[in-house]
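Read off the chains here:
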Amino acid sequence: GQQVMQIPQYQHVQEGEDFTTYCNSSTTLSNIQWYKQRPGGHPVFLIQLVKSGEVKKQKRLTFQFGEAKKNSSLHITATQTTDVGTYFCAKREWGYSTLTFGKGTMLLVSP
Amino acid sequence: KAGVTQTPRYLIKTRGQQVTLSCSPISGHRSVSWYQQTPGQGLQFLFEYFSETQRNKGNFPGRFSGRQFSNSRSEMNVSTLELGDSALYLCASTSTDTQYFGPGTRLTVL
């Protein structure tokens, strides 16, 4: 089936550094969603992007959807220890609630 | 509103046994999806139910089944458990475009 590829798999940063995770698809996406899962927790919805070139911000988090709707990124400015977790992108199948997830990027932030 | 609840939270079974997991969605949500999460395969879609009907199914063997009741609560069943079925099983209920995940059931197969 159609996959979404996510890189990097893992990133370790010092508190205050920036962080970016990328999500790529070989086919055009109708939408992309981002989730965060804290260690021992469950995925929590962050945002959905649907428009070509869309950029949305949530405090220190910036989400982008590529012009061709084949890639997306999540950028965190000045990471904090509370940002620790795994960030997943996911595409929702049109007409369904079904999500196809990327493998996720695990973020570790050292104080 | 109360969140998505899943029971039990932890379960230990042996190979060959069967297991039933339960999910109660957020009140008013009619769509429930199930996912399996493992370190190797990540989050994989199992099935989706809407108004008691299976609307979509992932690529899992027939040992995995599910159902949804008239009150939107859902159950999934795994028969003839295998070691590889050890995973975190997550259910999610949907409102418009947002999926709300439950805490999951951690299944260990020995």
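Here the structure is shown first, and the text comes after it.
Residues numbered from 1 in each chain as written. Chains lettered and ligands numbered in written order. Predicted model: local features only at pLDDT ≥ 70, side-chain atom pairs only at ≥ 80, totals over all residues. Heavy atoms only, no water.

(A) Seen up close, the overall build of chain A. Tallying secondary structure elements over chain A gives 0 helices and 11 strands in all. The dimensions of chain A, computed from C-alpha atoms along their principal axes, are 40 × 30 × 20 Å. For chain A, with 111 residues in total, the buried portion stands at 49%. Taking all contacts inside chain A whose residues are at least 6 apart in sequence as the whole, residues at least 24 apart take part in 53%. Counting only carbon and sulfur atoms, one obtains 53% of the accessible surface of chain A, whose full area is about 5500 Å². The positive charge centre, built from 12 side chains, and the negative charge centre, built from 7, are 8 Å apart in chain A. (Helix = DSSP H or I, 4+ residues; strand = E, 2+ residues; numbered from the N terminus. Buried < 20%, exposed > 50% of the residue type's maximum accessible area, 1.4 Å probe, protein only. Contact = heavy atoms within 4.5 Å. Areas by Shrake-Rupley, 256 points an atom, 1.4 Å probe, with all protein chains shown as cover. Lys, Arg positive; Asp, Glu negative; His and termini not counted. Charge placed at Lys NZ, Arg CZ, Asp CG, Glu CD.)

(B) Looking closely at unusual backbone geometry. Residue A:Ile7 is joined to A:Pro8 through a cis peptide bond whose omega torsion reads -5°. Note the cis peptide between B:Thr7 and B:Pro8, where omega equals -10°. As for its placement among the helices and strands, B:Pro8 is situated in the loop between strand E1 (5-7) and strand E2 (10-13). Positive phi, close to 55°, is recorded for A:Lys69, a residue that is not glycine. Within the secondary structure, A:Lys69 sits in the loop between strand E7 (61-65) and strand E8 (71-76).

(C) How the structure looks around the state of the cysteines. Taken as a whole and assessed by the stated rule, the structure comprises 2 disulfides over all chains. Between A:Cys23 and A:Cys89 runs a disulfide, and the two sulfur atoms are separated by 2.0 Å. Disulfide A:Cys23 to A:Cys89: torsion about the S-S bond roughly 75°, handedness right-handed. Of this pair, A:Cys23 sits in strand E3 (residues 19-24) while A:Cys89 sits in strand E9 (residues 85-92), and the two are 66 residues apart along the sequence. Taking relative accessible area as the criterion, A:Cys89 reaches 0% and is therefore assigned buried. Between the sulfur of B:Cys23 and that of B:Cys91 lies a disulfide, 1.8 Å long from S to S. (Disulfide = S-S within 2.5 Å.)

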